[in-house]
Amino acid sequence: MAAIGNLSLAITAPSPPFRLAVPSRRTLNLRCWLFSRKHENVGDPPSSRIESEARDKNVVDESVFSSEKELDVNSSDVWKLFNDAQRNILYLNNQRLKAVDELDAIRREKHLLIKKLEQLEAEKKADVVKDPGTLWELFLRIDTMVLSGMINSEEATHLRKVIVNYQISIHDAFYEIQHKKDIELLSELHHFSEKITRKGMHIVHICCEMEPIASVGSLATYVTGLSCALQRKGYLVEVILPKYTIADNGALQEFRKTEFEFDSYFGGCWHKNRVWTGVLYGIGVTLVEPLNNATFFNRNNIYGYPDDFERFTYFSRASMDYLVKTGKQPDVLHIHNWETAIIGPLFWDIFVHQGLAGTRVLCTCHDLTSQCLEQPEKLALCGLNPSQLHRPDRMQDNDKPDLINVLKGGIVYSNKVVLMPSFLSKDKIFHSLSHGLEPTLAIHKEKMLIAPYGYDNAVWDPSLDKFLPAKYSADNIEGKATCKDELRHHLGFQRPSSAVVGCIYSGSSDFDLLSLKLAIMHCLRRSCQCVLLGPKLPALDAILQAFQDESMDEDVKFIADYDESLLHLVLAGTDIMLCCTFHDPVLQIPLKAVKYGSAPILMDSGIDELRKSEWHEVGYGSRDDRPSGLHELASASFSQYILSTYANMTLSQALDEILNEPSKWSRRIREGMSRDFSWDAECCDIHCAAYTSIKNL
């Protein structure tokens, strides 16, 4: 048996016993020559080939005849062996040609496959990662490997870069990791094919709120909304929170307690902390639980305690120790309000020298009224030097020089600062609402940015809204009439009306009850119907009772207990939405109203048209005595749009336009609906530009 490549060839030989007469050397040479000549002439023209073969045959015949006569050899056996060999050689040659053809076909198929893969890869590069949860499961598992000592921080940093750079491919390779042991997972990561598909910055939010885990005010919705928008743009976003006992962790996927602990410095010694991890909307979430200071976050509320400085300073220092312990090297640390502002000086005085030289800091201020003033010596609790920081250009308070100002420290020590009251310009904030920080803000004016709030366009979009009886958009608004009819039917309104006016409020809404009452009375006199949606407030009961006493309550509905579907229906089914202010970071009602085609109108905008005597009867004085809801135009596009379109429109003017100029009203509504004021739009763009700017410093 002769093996050639992958082909096995059997050469048949005569079975013994046999008698073989050995031909002479000359005879064998001639026969071999004949065989080679026969195959050399395959490609010649038929006539020349026939002549050549004839000449060759004569030469061979004469020679063979002469030799065989001399040697008296039995030629039949030799010819049989020769013919068998000839057939085997021809068979081998045919198989070789087939193999070459098959190889060429495989090469062509491989070339087409490579082209297809390149095309798919290019398409994936343009897409957003569809399941970032897998990425974050890997990311958090790497953290536990570091804490357990399985890998060092340098190796962890390399593996995280693999995850960040190869986001798209990694989901297919690691789509199922829950049941894999760390050692198995680590082996697979080491063998993962390195192929760059996307490069996005790694952003770590260190904050005290995130919706829906721990939510008190605008910070929670901002962190979640912005993080999701950044993730959709290809950024890798992580959020570090305290482990509150009152937190709602039910929304976290793969929520688990790690088996390992890490130490953090506070009050002159090192304290143990436990880490909990999970994934929310594809965002990696890390919860830090103090073990030695267990009471810090084991309380009924998030804020409002005498030791808030100690609680959140401990958390801030622990978060930084955690980053160093796990070897993380984020591009940007995003800190928020005074509660984590201490990370600014902590970073530049201590942690920048612990492997974070490439990291930068951005601070967001949602409320300049809350700054946290403390005794300078308390800075030593987290390892800072009070004498170095208690200076006018650093953390010394501008009005009370014997104290340090924690929010001021965050502003001074951050590379960029984002101010979220987007309806105010920088100058307006510096001069009117800085609350003692005006000198600091003026010095650092060049690194100040103003950004608007947004809404989740995957939830708040009438063209996609699953809660609405009919979907509609700026290009096809007919479905809004269906939503209006459904809302009127749901509320039990019997007669037709010129318009439906709504008001959606929260428990923290700071509206003037008299303005609300007068606005509703004005709507009823104009044959409108009104719906108020929000938590039960004792003050509103008095207004409802007044309407009942005047037999005007049939066209007014107060709903104190509502579900999400009703909230969407009210936005879609109303023509006008009464707002106490355009700056609504919690509910974001003006933003959502514009998207749903409900005009946001300040509820006190038409007070002069109503009976001023009612205003004076309750002792409120004149309209000029009250703070105006209109502010200086800011740089944010939503602020410019909402103020230029609705700031000077009274409730009466809006109702007149609905009744007398419906085409103009329709254009106004459609124009607002066509704009994008979601988290993914201006808010995200401003933050992305800020991240890029400070990363290049």
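Residues numbered from 1 in each chain as written. Predicted model: local features only at pLDDT ≥ 70, side-chain atom pairs only at ≥ 80, totals over all residues. Heavy atoms only, no water.

Our focus in this paragraph is the overall build of the chain. Within the chain one finds 25 helices and 18 strands. The contacts in the chain between residues at least 6 apart in sequence include a share of 75% that link residues at least 24 apart. Here the chain has roughly 32,700 Å² of accessible surface; of this, 52% comes from carbon and sulfur atoms. (Helix = DSSP H or I, 4+ residues; strand = E, 2+ residues; numbered from the N terminus. Contact = heavy atoms within 4.5 Å. Areas by Shrake-Rupley, 256 points an atom, 1.4 Å probe, with all protein chains shown as cover.)

Further remarks concern the side chain of Lys595. Of note, Lys595 is situated in helix H20 (residues 589–595). As a buried residue without a salt bridge, Lys595 has its nearest oppositely charged side chain in Asp461, at a separation of 4.7 Å. A distance of 3.3 Å separates the side chain of Lys595 from the backbone oxygen of Met673, its partner in a polar contact. When neighbours within four sequence positions are excluded, Lys595 is seen to be in contact with Tyr455, Trp460, Asp461, Pro462, Met673 and Arg675. (Buried < 20%, exposed > 50% of the residue type's maximum accessible area, 1.4 Å probe, protein only. Lys, Arg positive; Asp, Glu negative; His and termini not counted. Salt bridge = Lys/Arg side-chain N within 4 Å of Asp/Glu carboxyl O. Polar contact = N/O pair within 3.5 Å; in protein donor to acceptor, adjacent residues only side chain to side chain.)

With that settled, the discussion passes to the sheet that holds strand E15 (residues 529–533). Read from one edge of the open sheet, five strands run E16-E15-E14-E17-E18, paired in parallel fashion. In this open sheet, the two edge strands, each paired with only one partner strand, are strand E16 (556–559) and strand E18 (599–602). Direction aside, the axes of adjacent strands within the sheet are offset by 25 degrees on average. Pairing analysis gives four bridges linking strand E17 (residues 576–579) to E18, with the strands arranged parallel. Looking at E18, one finds that Ile576 is bridged to Ala599. The sheet contacts of helix H23 (residues 651–660) involve E17 and E18, and relative to E17 the element is tilted by about 175 degrees. (Pairing = 2+ DSSP bridges. Axes fitted to C-alpha atoms, helices over the stretch in contact; angles between N-to-C directions.)

Moving on: the side chain of Glu339. Along the polypeptide, Glu339 turns up in helix H10 (residues 337–341). For Glu339, which is buried and forms no salt bridge, the nearest opposite charge comes from Arg311, at a distance of 8.3 Å. Side-chain polar atoms of Glu339 contact the side chain of Trp338, separated by 3.0 Å. Discounting residues that sit within four places of it in the chain, Glu339 has contacts with Cys208, Tyr303, Phe312 and Ser316.

Right, let's get into the packing of aromatic side chains. Scanning all chains against the criterion turns up 19 aromatic pairs. An angle of 85 degrees between the planes, with centres 4.8 Å apart, marks the rings of Phe347 and Trp348 as edge-to-face. Relative accessible area serves as the criterion here: at 27%, Trp348 is assigned to the partly exposed category. Its end group placed over the ring of Trp276, Lys243 keeps NZ or CZ at 4.6 Å from the ring centre. Its end group placed over the ring of Tyr305, Arg299 keeps NZ or CZ at 4.9 Å from the ring centre. (Phe/Tyr/Trp six-rings, centres within 6.5 Å; stacked < 30°, edge-to-face > 60°. Lys NZ or Arg CZ within 6 Å of the ring centre and 35° of its normal.)

Attention now goes to the environment of Cys372. Note on placement: Cys372 falls in the loop between strand E9 (360–365) and strand E10 (373–374). As for Cys372 and Asp397, which are separated by 25 residues in sequence, their C-alpha atoms are 9.9 Å apart. Excluding residues that lie within four positions of it along the chain, Cys372 makes contacts with Phe309, Trp338, Ile404, Asn405 and Val406.

We now examine the sheet that holds E9. Working definition: the strands of a sheet are paired by backbone hydrogen bonds and lie parallel or antiparallel to each other. Pairing in this open sheet of nine strands is mixed, and the strands run E5-E6-E7-E4-E3-E8-E9-E12-E13 from one edge to the other. Each having just a single partner strand, strand E5 (253–266) and strand E13 (448–450) make up the two edges of the open sheet. Shown here is a sheet whose adjacent strand axes are inclined to one another by a mean of 25 degrees, direction ignored. Two strands pair when backbone bridges link them, and strand E3 (residues 202–206) and strand E4 (residues 236–242) are joined in this way by five bridges, in the parallel orientation.

A few words on unusual backbone geometry. Note the cis peptide between Glu211 and Pro212, where omega equals 5 degrees. The phi torsion at Glu254 lies on the positive side, around 55 degrees, for a residue other than glycine. Here Glu254 is to be found in strand E5.

Attention now goes to the packing of helix H16 (residues 479–491) against helix H19 (residues 564–573). In contact at an axis separation of 8 Å, H16 and H19 are set at 120 degrees when each is read in the N-to-C sense. Taken together, H16 and H19 sit at an angle that is classed as oblique. Relative to H19, the crossing made by H16 is left-handed. Here H16 contributes Lys480, Cys483, Lys484, Glu486, Leu487 and His490 to the contact with H19, which in turn contributes Leu566, Leu569, Val570, Leu571, Ala572 and Gly573. (Parallel < 35°, antiparallel > 145°, perpendicular 65-115°, else oblique. Left-handed = near helix turned anticlockwise from the far one by under 90°.)

What follows concerns helix H17 (residues 513–525). Counted at 1.5 Å a residue, the expected span for H17 with its 13 residues is 18 Å, and the 19 Å between its end C-alpha atoms agrees. Just past H17, the residue Ser527 takes up positive phi, approximately 60 degrees. (Expected span 1.5 Å × (residues − 1).)

Moving on, we get to the nonpolar core. Core analysis: the biggest nonpolar cluster contains 93 residues, and Ile206, Met210, Met320 and Tyr691 have the highest contact counts within it. With sequence-adjacent residues up to four places away left out, Met210 is seen in contact with Ala220, Val223, Thr224, Val239, Leu241, Leu280, Ile283 and Val285. By size, the runner-up hydrophobic cluster in this structure holds 66 residues, among which are Leu491, Leu587, Ile642 and Trp665. (Core = buried A, V, L, I, M, F, W, Y, C linked by side-chain atoms within 4.5 Å.)

Don't take any of this as a statement about function, it's just geometry.
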